[in-house]
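Descriptive analysis of the structure
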Amino acid sequence: SGVHAREYAPPELAMRFAETLVDGYNVDADITWLLQHTEIHLIIYVNPDGRYVAENDKELFWRKSLNPNQGDGCSWNNTGVDLNRNYDFAWGDTDGSSSDPCDNEYHGRSPRSEPETQAVVKYAQDLFPEEQRKDPADINVERGEEIMGIFVDIHASGGYVYFPWGFEDSRSPDDEALQALGRKVSHFNDYKLWAPGSPDFAYPAAGDGSDYMYGVMGVASFGLELGEEFYEDCNRFEDEVAPTNLPALLYALKISKKPFSLVKGPDIIDLVIVPDSEQDGKMKVSVVASDSLMVKSHGGSATGDQGVAKVQLYLDVHPDDYNEGDMSWEMLPVGSNSDSHFELEMIFPNGVSSGRHTLYAQAMDNDDYLGPVSSIFFDVDTASNKPSASPSNAPSTFDRYFQPTETPTTKTTTEPTSSPTPAPTYIGSATSHLTSGNENDDASDNASNAAYPSVAVVASVLLLFCLA
């Protein structure tokens, strides 16, 4: 986000996402396990020079970088390079970029000619698994369901979700998974699909970041075009953009370990615990799961036709960490429609300690695809060893806006601020794995990269967070 200088909303959304994650640790069950199992890397500003111009001379609607050496023969107010046409994938295709240095979509003198693009590529190379990389010429080779990591490119405006291929209106070899991903992201924000084969494929974009990360780095990739304006109205951002897109980013985070597999599985739409008021230690767990709900938009998807075969519950152990002997239960469907409601009445196991616990749920469809994990906190009464009547927090359902526990700003302004959102001076110590993004090249971090999936959210100064 913020790769294009005039797009005000994307960097703010990325900062809000960071705030939501940090403030949600140990408060929201899903955010807690995500920070314990996943690395989240955010590049808030790729194009700080351009952003300065866009903020101080708004009438220019400045888009490009501010590199004067790439605009020979251009006036001062149309120099620079479109950084999202400068990546080394389909670079120079003038159907989706421009060779005119004075044009807003000028692709630069050569692939990755710009320091900003070079910095993002170097960061991605350090972050994503080397064994997943592909030759840019192999555009017809599947990246496969075992790949790890997601790249999210946030832009403005228009209200679109886009994914490869973008350099031309043609389907990628992993189109089934990417179509499901686009539809599930759109489930949250109701955005149109700027996608291959879609009537809303507006125009090609050659040499862009999303195609590069999928085509060369070999990771799942999609982008957002937020809101309705480059200089987004602050009230619309607060009321529409943030509430609908923060859950979309959280969903991407949930599937980042195996995005092209997990996106094809069923989703936990709701997870509720109801204690039995008459019998100590007894509780009912209710789950709504669906293979089709989140892909119904935009004509549906083939990945949503399999139904839900089962829902598995896990007590105090994430499904990825499950070992024989850990507590787990299979839920039974309620009624004849297997693609909806599951319930389980259970006696709370003896010997479980009092205090707070975590219940995890994961669904599987009839093609054996697992979906993303959802979770909920609940408390066990110290006196009766009975589950509490109210869980510690509401389940992280897909229709909920993940509001930080403390509102980041005290009031809504009617005009954009005169400077970019400042970097926080302190991130916190919610987890012992919380590290600075500058430590990414350390050997210990490289080992960590092999153990955990990664999500890179690019927003437009190289200011980096690494939450692991």
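Here the structure is shown first, and the text comes after it.
What counts, and at which threshold
Each residue is numbered by its place in its chain's sequence as written, counting from 1. Per-residue local features are limited, in this predicted model, to residues with pLDDT of at least 70; the limit for side-chain atom pairs, both in listing and counting, is 80 or more; totals at the level of whole chains, interfaces and linings are taken over all residues. Note that water and hydrogens are dropped before the side-chain values are worked out from all heavy atoms of the structure. Pairing of aromatic rings covers Phe, Tyr and Trp, the last counted by its six-membered ring, and requires centre-to-centre distances within 6.5 Å; plane angles under 30 degrees mean stacked, over 60 mean edge-to-face, and any other angle means tilted. Numbering of helices and strands starts at the N terminus; helices are DSSP runs of H or I of at least 4 residues and strands are runs of E of at least 2. Relative accessibility thresholds used throughout: buried, under 20% of the residue-type maximum; exposed, over 50%; partly exposed, between the two (1.4 Å probe, protein chains only). Here the nonpolar core consists of buried residues drawn from Ala, Val, Leu, Ile, Met, Phe, Trp, Tyr and Cys, with membership extended through side-chain atoms lying within 4.5 Å. Here a strand pair is declared whenever DSSP counts at least two bridges between the two strands. Fitted lines through C-alpha atoms give the axes, limited to the stretch in contact for helices. The angle between two N-to-C directions lies from 0 to 180 degrees. Salt bridge criterion: a side-chain nitrogen from Lys or Arg within 4 Å of a carboxyl oxygen from Asp or Glu.

1. So, the packing of aromatic side chains
Summed over all chains, the structure comprises 13 aromatic pairs. Measuring from centroid to centroid gives 5.1 Å for Y160 and W194, while their planes differ by 70°, and the two rings are edge-to-face. With Y160 in strand β3 (residues 160-162) and W194 in strand β4 (residues 192-194), this pair connects stretches of sequence that are 34 residues apart. Judged by its relative accessible area of 16%, Y160 falls in the buried class. Exposure remark for W194: the relative accessible area of 10% places this residue in the buried category.

2. Examining the nonpolar core
The biggest cluster of nonpolar side chains holds 79 residues, and the ones touching the most others in it are F17, L21, Y212, M213, F222, L224 and L226. Of all the elements, helix α7 (residues 234-254) adds the most residues to this core, at 10 residues. The next biggest cluster of nonpolar side chains, apart from the first, holds 23 residues, and it includes L271, V285, F342 and A363.

3. With respect to the sheet that holds strand β8 (residues 308-315)
For sheets, the rule is that strands pair by backbone hydrogen bonds, running either parallel or antiparallel. Strand order in the open sheet formed by 7 strands is β6-β7-β10-β9-β8-β11-β12, and the pairing between neighbours is antiparallel. In this open sheet, the two strands that pair with only one neighbour each are β6 (267-275) and β12 (374-380). Ignoring strand direction, the axes of neighbouring strands in this sheet form an average angle of 25°.

4. Brief notes about the pattern of salt bridges
The final tally for this structure, using the stated rule, is 19 salt bridges. With its nearest N and O atoms 2.7 Å apart, the salt bridge here joins D82 to R63. One end of the pair, D82, is in the loop between α3 (48-56) and α4 (115-127); the other, R63, is in the loop between α3 and α4, and 19 residues separate them in sequence. Summarising the burial analysis for this pair, D82 and R63 share the class buried. Between K122 and D126 there is a salt bridge, and its shortest N-O distance comes to 2.7 Å. Of this pair, K122 and D126 both sit in helix α4, 4 residues apart, which is roughly one turn of the helix. By relative accessible area, K122 is classed as partly exposed at 41%. Looking at D126, the relative accessible area reads 23%, which means it is partly exposed. A cluster of three or more residues bridged by salt bridges with shared partners is formed by R63, D82, R85 and E105.

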